[in-house]
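One-letter residues, chain by chain:
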Amino acid sequence: MSDDKDIGAAPKKKGGKGKLLIFGLAGLLLIGGGVGAGFYASGMVGGGAEKVKEDPHRPKLVLRSETEEAAAGEGGGHGAADKGPPRRTGTVAVKSDDVKVDAHKYEIAYFPIDSAITANLADGGGFAQLSLSLATYYDSRVTDNVTRQMVPIRSAILMVMSDQHAAILATPEGKQMLQRQLTKSINQVLREKEGFGGIDNVYFNTLVVQ
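What you see is a predicted model, and the numbers here were worked out from it, not measured in a lab. (Residues numbered from 1 in each chain as written. Predicted model: local features only at pLDDT ≥ 70, side-chain atom pairs only at ≥ 80, totals over all residues. Heavy atoms only, no water.)

Section: the nonpolar core
At step 1: Among the nonpolar cores identified, the biggest contains 33 residues, and V146, I153, I157, M161, L182, I186 and I199 are the most heavily contacted of them.
At step 2: For this core, the secondary structure elements donating two or more residues are β2 (117-120), β3 (127-136), α3 (140-148), α4 (150-161) and α6 (172-194).
At step 3: Looking at which element gives the most residues to this core, the answer is α4, with 6 residues.
At step 4: Setting aside its immediate chain neighbours within four residues, I153 contacts V146, I186, V189 and L190. (Core = buried A, V, L, I, M, F, W, Y, C linked by side-chain atoms within 4.5 Å. Buried < 20%, exposed > 50% of the residue type's maximum accessible area, 1.4 Å probe, protein only. Helix = DSSP H or I, 4+ residues; strand = E, 2+ residues; numbered from the N terminus. Contact = heavy atoms within 4.5 Å.)

With respect to the pattern of salt bridges
At step 1: Across all of its chains, the model carries 6 salt bridges by this definition.
At step 2: Between E107 and R64 there is a salt bridge, with the nearest N and O atoms lying 3.9 Å from each other. Within this pair, whereas E107 is found in the loop between α2 (67-73) and β1 (109-112), its partner R64 is found in the loop between α1 (2-41) and α2, the two being separated by 43 residues in sequence.
At step 3: E107 gets classed as partly exposed once you look at its relative accessible area, which sits at 24%.
At step 4: A residue is classified by how much of its surface remains accessible, and R64, at 46% relative accessible area, is partly exposed.
At step 5: Of the charged contacts in the structure, one is a salt bridge between D139 and R141, with a shortest N-O distance of 2.5 Å.
At step 6: What makes D139 buried here is its relative accessible area of 1%. (Salt bridge = Lys/Arg side-chain N within 4 Å of Asp/Glu carboxyl O.)

Description of the packing of aromatic side chains
At step 1: All chains considered together, the criterion is met by 2 aromatic pairs.
At step 2: For the pair Y110 and Y203, a centre-to-centre distance of 6.0 Å together with 70° between the ring planes defines the contact as edge-to-face. Note that Y110 is positioned in strand β1 and Y203 in strand β4 (residues 201-209), a separation of 93 residues in sequence.
At step 3: Owing to a relative accessible area of 45%, Y110 belongs among the partly exposed residues under this scheme.
At step 4: For Y203, a relative accessible area of 33% gives the class partly exposed. (Phe/Tyr/Trp six-rings, centres within 6.5 Å; stacked < 30°, edge-to-face > 60°.)

What about α6?
At step 1: With 23 residues, α6 extends 32 Å between its outermost C-alpha atoms, agreeing within 8% with the 33 Å of an ideal straight helix rising 1.5 Å per residue.
At step 2: Residues of α6 that are buried include every one of G174, L178, Q179, L182, T183, S185, I186, N187, V189 and L190, and no others.
At step 3: Residues of α6 that are buried in the fold lie against β3, α3, α4, α5 (166-169) and β4.
At step 4: Backbone geometry just downstream of α6 places G195 in the positive-phi region, at approximately 80°. (Expected span 1.5 Å × (residues − 1).)

If you want it as structure tokens, here you go:
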């Protein structure tokens, strides 16, 4: 009889472990589901993209159709005594200023540097005097940055000019090369000081080499 009791008791004991195992798995599934739902809601799993907070100080591109509306909304310009372009508010955000800009889609603005810059040329080859205008497809935050960083920008221009040779500047190719070098140097200053360049090109208002 004792053997019969032992045989009968074994299934009950086994069944108890099975129920505990089921309850344990159910609890883990509930906990795992809750954690997974939390990750999904926060955009960490499931392909959800975490929303990046947009920097209000980062310049934006200005669509051509928005140029007149932006100027009207900002009062139409800086003021009669200011030679800069009208205030512009862009609407197209970019991740960096290295993106290629479609010149047919976005509006360009020209920002003159007020006073001429005079620099000695390389190897005692005379000096050059130039005045520049900067071109940008971005809104007025770029020109604000240029104004704020004018001291290091002028210094960078002088350093570029001091490496030039009069014979090279006398050629169209030499002038184009100088444009590229100045654009690169000015953008470098803006990236270091403001975190964003945005200058597409520089143009000579005057260039005198002697």
